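Results of the structural survey
This is what each chain is made of:
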Amino acid sequence: MTTEGCLLFQVRLQVQSIDKPLYRGTYHCFQSIIRQESVFGLYKGIGSPMMGLTFINAIVFGVQGNAMRMLAHDTPTNQFFAGAAAGAIQCVICCPMELAKTRMQMQGTGEKKSSRKLYKNSLDCLVRIYNREGLRGVNRGMVTTLIRETPGFGVYFLSYDVLTRGLGCEPNDRYMIPKLLFAGGMAGIASWLSTYPVDVIKSRLQADGLGGVHQYSGIADCVRQSVRREGYMVFTRGLTSTLLRAFPVNAATFATVTLILIHARGVEEGPKDCESQPSSL
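Described below are features of the structure shown in this document.

1. Describing the packing of aromatic side chains
Tallied over the full model, the rule gives nine aromatic pairs. Aromatic pair Phe61 and Phe157: ring centres 5.6 Å apart, planes at 75°, arrangement edge-to-face. Here Phe61 is found in helix H3 (residues 47-71), whereas its partner Phe157 is found in helix H7 (residues 142-167), with 96 residues between them in sequence. Phe157 matches Phe61 in its accessibility class, with the two residues each being buried. Measuring from ring centre to ring centre gives 5.6 Å for Phe157 and Phe254, while their planes differ by 85°; the resulting arrangement is edge-to-face. Taken as a pair, Phe157 in helix H7 and Phe254 in helix H10 (residues 239-265) lie far apart in primary sequence, 97 residues in all. Taking the relative accessible area as the measure of exposure, Phe254 reaches 0% and is therefore buried. Aromatic rings pair up to connect Phe61, Phe153, Tyr156, Phe157, Tyr160 and Phe254 into one cluster.

2. Some details on helix H8 (residues 176-207)
Owing to its 3.6 residues per turn, the α-helix brings residues three or four apart onto one side. Along H8, the sharpest change in direction is near 65° and occurs at Thr195; proline Pro197 comes one to four residues later. Gly209, located one to two residues past H8, shows a positive phi value of around 100°.

3. What about the nonpolar core?
Counting residues in each nonpolar core, the largest one holds 22 residues, and the members touching the most others are Val60, Phe157, Leu180 and Phe254. Counting only elements with at least two residues in this core, the list comes to H3, helix H5 (91-106), H7, H8 and H10. With six residues, H10 is the largest single contributor of residues to this core.

4. Re the packing of H5 against H7
For the pair H5 and H7, interaxial distance at closest approach is 10 Å and the crossing angle is 120°. In terms of orientation, H5 and H7 fall into the oblique class. As H5 packs across H7, the resulting crossing turns out to be right-handed. On the side of H5, the interface is formed by Cys91, Val92, Cys94, Cys95 and Glu98, while H7 contributes Met142, Thr145, Leu146, Arg148 and Glu149.

So, how was this worked out
Residues numbered from 1 in each chain as written. Predicted model: local features only at pLDDT ≥ 70, side-chain atom pairs only at ≥ 80, totals over all residues. Heavy atoms only, no water. Phe/Tyr/Trp six-rings, centres within 6.5 Å; stacked < 30°, edge-to-face > 60°. Helix = DSSP H or I, 4+ residues; strand = E, 2+ residues; numbered from the N terminus. Buried < 20%, exposed > 50% of the residue type's maximum accessible area, 1.4 Å probe, protein only. Bend = angle between axes of the 7 residues up to and from the residue. Core = buried A, V, L, I, M, F, W, Y, C linked by side-chain atoms within 4.5 Å. Axes fitted to C-alpha atoms, helices over the stretch in contact; angles between N-to-C directions. Parallel < 35°, antiparallel > 145°, perpendicular 65-115°, else oblique. Left-handed = near helix turned anticlockwise from the far one by under 90°. Contact = heavy atoms within 4.5 Å.

Written as structure tokens, this is what we have:
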């Protein structure tokens, strides 16, 4: 993803200690990373998403499309359930991928050249975690990932469906592409807003144990400690950078999928409303 650097802000802001905060906000985080770690610091952990995103998108749109065919009727409710199914299934790849990304992004914080690197790259990170903790370690954060992704993708496809129905875009509409971009971007924002607090907890659990020290015993303990020390605003840490990333990435994703399907099937054969396109996969 071209905006992958924003994910680094998200993780750093979500996980930083309240006792000794390194960053005052998104912009300060951006400045500090460039100053302390160079511009390449913005792309720490990019290897893991680059390896997994192709498979994740294929699973998400493929499962969602097949689920819609099984449900038979193209309604907003069915879009939600089909999206939720897709979100749950892709967690098998998403969870280990995000674990490696989080660990890679957290190591060497504030250092241009880390004197003590735990992991060489994302694959080495997962191998080392597996050797020490087995499959349970590689799937750390799986429950919170499921809690985030299942309703999150349901909202994702539901929002896109509702927006495209409301905008009424058709293949021959001269404003179809701007409408698709807007609907996709807003669907991404709606999805993140619906489950963002869970993502904060997931990031903290996956970063926990870096260096061999574990702070949380589980999900409930992580929530309890986070709220006690930082208040309920802890669940909005890194939200600004996440939303800045969400709109362009998801606008491009949905618009690309829809346009490819329209041209692959032919405008004459394609459905009239844009909202039905992603479910055709």
